[in-house]
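Fold and geometry: a report
Residues per chain are reported as follows:
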Amino acid sequence: VGVAVGAAQAQDYPTRNITMIVPFAAGGPTDQTLGQSIIIENVVGAGGTTASARAAKAAPDGYTLITGHMGTHAASVPLYPKLAYHPSKDFEPVGLIAGTPILILARKDFPAKDLKEFVAYLKANTDKLNEAHAGVGSVSYSSCQLLDAVLKISPTGVPFNGTGPAMNALVGGQVDYMCDQIVNAVPQVKGGTIKAYALNAALVKALDDEGVKKRLLDLGSVIPKPAERTPESLKTLVDSEITKWSGVLKPLSN
Ligand code: MLT
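Residues numbered from 1 in each chain as written. Predicted model: local features only at pLDDT ≥ 70, side-chain atom pairs only at ≥ 80, totals over all residues. Heavy atoms only, no water.

Scanning the protein from N- to C-terminus turns up 10 helices and 10 strands. Out of the 254 residues in the protein, the part that is buried amounts to 50%. Summarising the internal contacts of the protein: among those between residues at least 6 apart in sequence, 74% fall at separations of at least 24. For the protein, the exposed area adds up to about 12,200 Å²; of that, 56% sits on carbon and sulfur atoms. (Helix = DSSP H or I, 4+ residues; strand = E, 2+ residues; numbered from the N terminus. Buried < 20%, exposed > 50% of the residue type's maximum accessible area, 1.4 Å probe, protein only. Contact = heavy atoms within 4.5 Å. Areas by Shrake-Rupley, 256 points an atom, 1.4 Å probe, with all protein chains shown as cover.)

Within the structure shown, the criterion is met by one disulfide. With a sulfur-sulfur separation of 2.0 Å, cysteine 144 is cross-linked through a disulfide to cysteine 179. Negative torsions about the S-S bond denote left-handed disulfides, and the value of about 85° found for cysteine 144 with cysteine 179 makes this one right-handed. Here cysteine 179 lies in strand E9 (residues 177-181) and cysteine 144 lies in helix H5 (residues 139-151), a separation of 35 residues in the sequence. Per residue, the accessibility class of cysteine 144 equals that of cysteine 179, and both read buried. (Disulfide = S-S within 2.5 Å.)

Let's shift gears to the site of the ligand. Taken together, Phe24, Gly28, Pro29, Thr30, His69, Ala134, Ser138, Val139, Ser140, Gly162, Thr163 and Gln181 make up the full set of residues near the ligand. Residue histidine 69 places a side-chain N or O atom 2.6 Å away from an oxygen atom belonging to the ligand. Isolated, the ligand exposes 270 Å² of accessible area, and the fraction of that covered by the protein chains is 100%. Among the elements of the structure, helix H1 (29-32) and H5 are those that each provide at least two residues to the shell around the ligand. Looking at the shell around the ligand residue by residue, the class counts come to four nonpolar, eight polar and no charged. (Near = heavy atom within 4 Å. Polar contact = N/O pair within 3.5 Å; in protein donor to acceptor, adjacent residues only side chain to side chain. Nonpolar A, V, L, I, M, F, W, Y, C, P; charged D, E, K, R; others polar.)

Within this structure, the stated rule accounts for six aromatic pairs. On the basis of an interplanar angle of 90° and a centroid distance of 5.8 Å, the ring pair of tyrosine 85 and phenylalanine 91 is categorised as edge-to-face. You'll find tyrosine 85 and phenylalanine 91 in the same group, each marked buried. These aromatic residues form a ring-pair network of at least three members: Phe110, Phe118, Tyr121, Tyr177 and Tyr197. (Phe/Tyr/Trp six-rings, centres within 6.5 Å; stacked < 30°, edge-to-face > 60°.)

This paragraph deals with the pairing of strand E6 (residues 102-107). The buried fraction of E6 is high, at five of six residues. As defined by bridge partners, E6 adjoins E9 across five bridges and the pair is classed as antiparallel. When the sheet's bridge partners are listed, leucine 103 is paired in E9 with aspartate 180. Note that E6 and strand E10 (residues 194-196) share three bridges and pair antiparallel. What sits directly across from alanine 106, in E10, is lysine 195. (Pairing = 2+ DSSP bridges.)

So, on to the pairing of strand E2 (residues 19-22). Burial along E2 is two-sided: the face carrying Thr19 and Ile21 and the face carrying Met20 and Val22 are both buried. Here four bridges tie E2 to strand E3 (residues 39-42), and the two strands are oriented parallel to one another. Bridging across to E3, isoleucine 21 finds its partner in glutamate 41. Relative to strand E4 (residues 64-68), E2 runs parallel, the two being bridged by three bridges.

Take the confidence of the model for the protein next. Regions with low pLDDT should not have their predicted coordinates read in detail. When pLDDT is averaged across the protein, the result is 84; 84% of the residues are at 70 or more. On the interface metric, ipTM, the complex scores 0.96, and its pTM is 0.85. (pLDDT = per-residue confidence, 0-100.)

As a further point, take unusual backbone geometry. Here the phi dihedral of alanine 46 falls at roughly 50°; this positive angle occurs in a residue that is not glycine. As for its placement among the helices and strands, alanine 46 is situated in the loop between E3 and helix H2 (49-57). On the accessibility criterion, alanine 46 (38% relative accessible area) is partly exposed. Even without a glycine there, the phi angle at lysine 152 is positive, about 55°. Position of lysine 152 among the secondary structure elements: in the loop between H5 and strand E8 (156-159). For lysine 152, a relative accessible area of 75% puts it in the exposed group.

Okay, here's the thing in structure tokens:
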């Protein structure tokens, strides 16, 4: 998860309300990382690219921010040939908020007790399975695309406006599995309403954490080291993620 913003030059910034655009539905991982004193606008659609296009066109005065992430600011480039913005050229980076491991999650009655059984079940039942995601280009979409490519399977994708609503469908058993950021999954895994199959070490660490840590840490995110918090470092990360995901994701036809 990162943040990009139009450049703010004034010494006394900010002198008025700031608008923070969240590219997914309320209640998902991107939404949960925001502060309190700004106006939040959830602008959903097209895997977060609708919101990002709007933010890219906003006045570059520092009063419109966006919480971008690997999906909106990297995977979108290879996936959308007509993308209305360039993630590193059309935004002024502020800094990296957090790194969030991705978990493979399934409905609580999914018939596989561990990752090995999960993989075998997916391969044997791919035609019957529904995979939830937050729209083409989202983190949940791209992460599961990677999983599906490795397993050589093609389940039916079920898009939502964010992994907040996708998680509700998983808890309700309307979809079979999804790949989601750990911050969204920990409360549900703790409550036993869904199953988690991967990134055990990170999950256990998150579940065992009883100290007075920041909420992000409690939920399993990785707080960036000081050297990773600078605007320059975020720009370098965005460029390297675009290169990385361009090797994995194929362009959509539209
Ligand atoms: C969300 O906030 O809903 C997620 O970050 C969506 C995603 O990219 O999977």
